[in-house]
Each structure stands twice: as structure tokens, then as C-alpha cells.
Amino acid sequence: MQSGSEGVNVKRILVLHGPNLNLLGTREPEIYGWLTLNDINELLHERAKTLGVDTIDFLQSNFEGELVEAIQKARGRYDFILLNAGALTHYSIALRDAIAAVPVPVIEVHLSNIHRREEFRRTSVIAPVVMGQICGFGVDSYIAALSIAVRKLQKDTK
Ligand code: DQA
């Protein structure tokens, strides 16, 4: 989605982290790694600067409704959403409906490879309404999603 004026492509990205991701660094580090959420956000912030992103904002919430509201409010304010919905990925129809309702492209991100874990994690109810899913690469899942979002936005200007 292009924004700004006179052909200037303003890139505004919202990163949403779902339940329990505030515990990263101490939460099952053998699965999720040792980086804290703050570390991840800082790495994304740095990378966003080198990629020429104008705005990158971050929100973590343990509450489904807060994430639904953040997606609703992203309309017209952001060009892309990177979403790690945590466990909500596997059952939140409310989140899925919010993504489907708002014309902001979403990339689904997971630190772990949800397809090689417990059976219940292999289903993502949001997967059918997102642009794509990146999982299994730790913090690099987020970094890859950011690079892809920026590439998509650059292509939109041409
Ligand atoms: C997660 C995977 C989910 O199954 C889990 O509930 C999370 C984190 C991930 O990033 O690997 O909270 O989304």
C-alpha cells in the first residue's frame, strides 16, 4: 500500500506480539531462545532504520481484545503488520476476523516452527487471511518478515 505524497513511499510498520511474548528470555528458552522481547524490538528497530522504514511501532498484549483493536486501528495508519499472535494463532477467530476486515497486509510470524511441535500448534486459524507465514527461525523470522514487507512496499511504488 502506498502512502505519502508526490511519489514518496512512506513505510509504516506495526509489530504486534501476542500473549506471553513479554516473557521471552526466560520463557522456555530451549524453544524460544534467550533474547528478550526488548532485544527483538531493538533489532527490528535497527534493521528498520537501515531499510528506510519511516515508522515502526511495537505492541505486546496478553489480551485478545487489545490486539483486535490494534489491528482495527491500523487501517490508514500502517502499511504492514507483522504479527506473532502467540497461542491466539491457534484458536482466535476474533483475530482472524479483524485481519480479514482491515485492508492492511499481515505477515504471520513465529519464533518456533509451529508445524513440528504439538498437534494443536500445527493449525493456524489466521493463516488463511494473512499474506504469508514465517516460522522456525527465531528472531530471524521477524527480520525476514520485515525485509519482505519493505520489498513489497518498494514494489508498490513502481
Ligand atoms: C509462538 C508459537 C505459539 O504456538 C506459542 O503459543 C507462542 C509463541 C512462536 O513464536 O513460536 O506463544 O507464536
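Quick look at the overall build of the protein
Here comes step 1: Within the protein one finds 5 helices and 5 strands.
Here comes step 2: N-terminal to C-terminal, the α/β element order of the protein is β-α-α-β-α-β-α-β-β-α.
Here comes step 3: Taken over C-alpha atoms, the radius of gyration comes to 15 Å for the protein, in line with the 15 Å a tight globule of 158 residues would show.
Here comes step 4: In terms of its C-alpha atoms, the protein occupies a principal-axis envelope of roughly 50 × 30 × 25 Å.
Here comes step 5: Burial analysis of the protein (158 residues in total) assigns 47% to the buried set.
Here comes step 6: Taking the intrachain contacts of the protein between residues at least 6 apart in sequence as the baseline, contacts between residues at least 24 apart amount to 76%.

Comments concerning the pattern of salt bridges
Here comes step 1: The full count for this structure, using the stated rule, is 5 salt bridges.
Here comes step 2: Salt-bridge contacts for Asp79 lead to Arg12; the nearest nitrogen and oxygen are separated by 3.1 Å. Residue Asp79 is found in the loop between α3 (64–73) and β3 (80–84), and its partner Arg12 is found in strand β1 (residues 12–17); the two are separated by 67 residues along the sequence.
Here comes step 3: The shortest N-O distance in the salt bridge between Arg121 and Glu118 comes to 2.7 Å.
Here comes step 4: On the basis of relative accessible area, Arg121 is assigned to the buried category, the value being 14%.
Here comes step 5: Shared partners join several salt bridges into a network, and the residues in it are Arg117, Glu118 and Arg121.

Some details on the site of the ligand
Here comes step 1: Near the ligand, the surroundings consist of 13 residues, among which Asn84, His90, His110, Leu111 and Ser112 are the closest.
Here comes step 2: Separating an oxygen atom of the ligand from a side-chain N or O atom of His110 is a distance of 2.8 Å.
Here comes step 3: Here an oxygen atom of the ligand sits 2.6 Å away from a polar atom, N or O, in the side chain of Ser112.
Here comes step 4: When the ligand sits alone it has 320 Å² of accessible area, and the protein chains cover 99% of it.
Here comes step 5: Split by residue class, the shell around the ligand holds 5 nonpolar, 5 polar and 3 charged.

Some points on the side chain of Asn84
Here comes step 1: By the secondary structure assignment, Asn84 is in strand β3.
Here comes step 2: A polar atom in the side chain of Asn84 sits 3.1 Å from the side chain of Tyr142.
Here comes step 3: Beyond its immediate sequence surroundings of up to four residues, Asn84 is in contact with Leu16, His17, Gly18, Leu21, Val109, His110, Leu111 and Tyr142.

Describing helix α2 (residues 37–50)
Here comes step 1: Relative to the 20 Å expected for 14 residues at 1.5 Å per residue, α2 spans 20 Å between its end C-alpha atoms, a close match to the ideal helical length.
Here comes step 2: Among the residues trailing α2, Gly52 stands out with phi positive, at a value near 80°.

Topic: helix α4 (residues 93–101)
Here comes step 1: What α4 keeps buried is the set Leu95, Ala98 and Ile99. Within α4, the buried residues cover an arc of 100° as seen down the axis, which keeps them to one side.
Here comes step 2: Contacts from the buried residues of α4 go to α3, β3 and β4 (106–110).

Some details on the nonpolar core
Here comes step 1: Counting 25 residues, the largest nonpolar core has Ile13, Leu44, Ile56, Leu82, Ile107, Tyr142 and Leu146 as its most contacted members.
Here comes step 2: If you list the elements that add at least two residues to this core, you get β1, α2, β3, β4 and α5 (139–157).
Here comes step 3: Per-element accounting of this core gives the leading share, 8 residues, to α5.
Here comes step 4: Formed by 21 residues, the second largest nonpolar core is a distinct cluster that contains Ala70, Leu83, Ala98 and Ile99.

Cut-offs used in this document
Residues numbered from 1 in each chain as written. Predicted model: local features only at pLDDT ≥ 70, side-chain atom pairs only at ≥ 80, totals over all residues. Heavy atoms only, no water. Helix = DSSP H or I, 4+ residues; strand = E, 2+ residues; numbered from the N terminus. Rg over C-alpha atoms; globule rule 2.2 N^0.38 Å. Buried < 20%, exposed > 50% of the residue type's maximum accessible area, 1.4 Å probe, protein only. Contact = heavy atoms within 4.5 Å. Salt bridge = Lys/Arg side-chain N within 4 Å of Asp/Glu carboxyl O. Near = heavy atom within 4 Å. Polar contact = N/O pair within 3.5 Å; in protein donor to acceptor, adjacent residues only side chain to side chain. Areas by Shrake-Rupley, 256 points an atom, 1.4 Å probe, with all protein chains shown as cover. Nonpolar A, V, L, I, M, F, W, Y, C, P; charged D, E, K, R; others polar. Expected span 1.5 Å × (residues − 1). Arc of directions from axis to C-beta. Core = buried A, V, L, I, M, F, W, Y, C linked by side-chain atoms within 4.5 Å.

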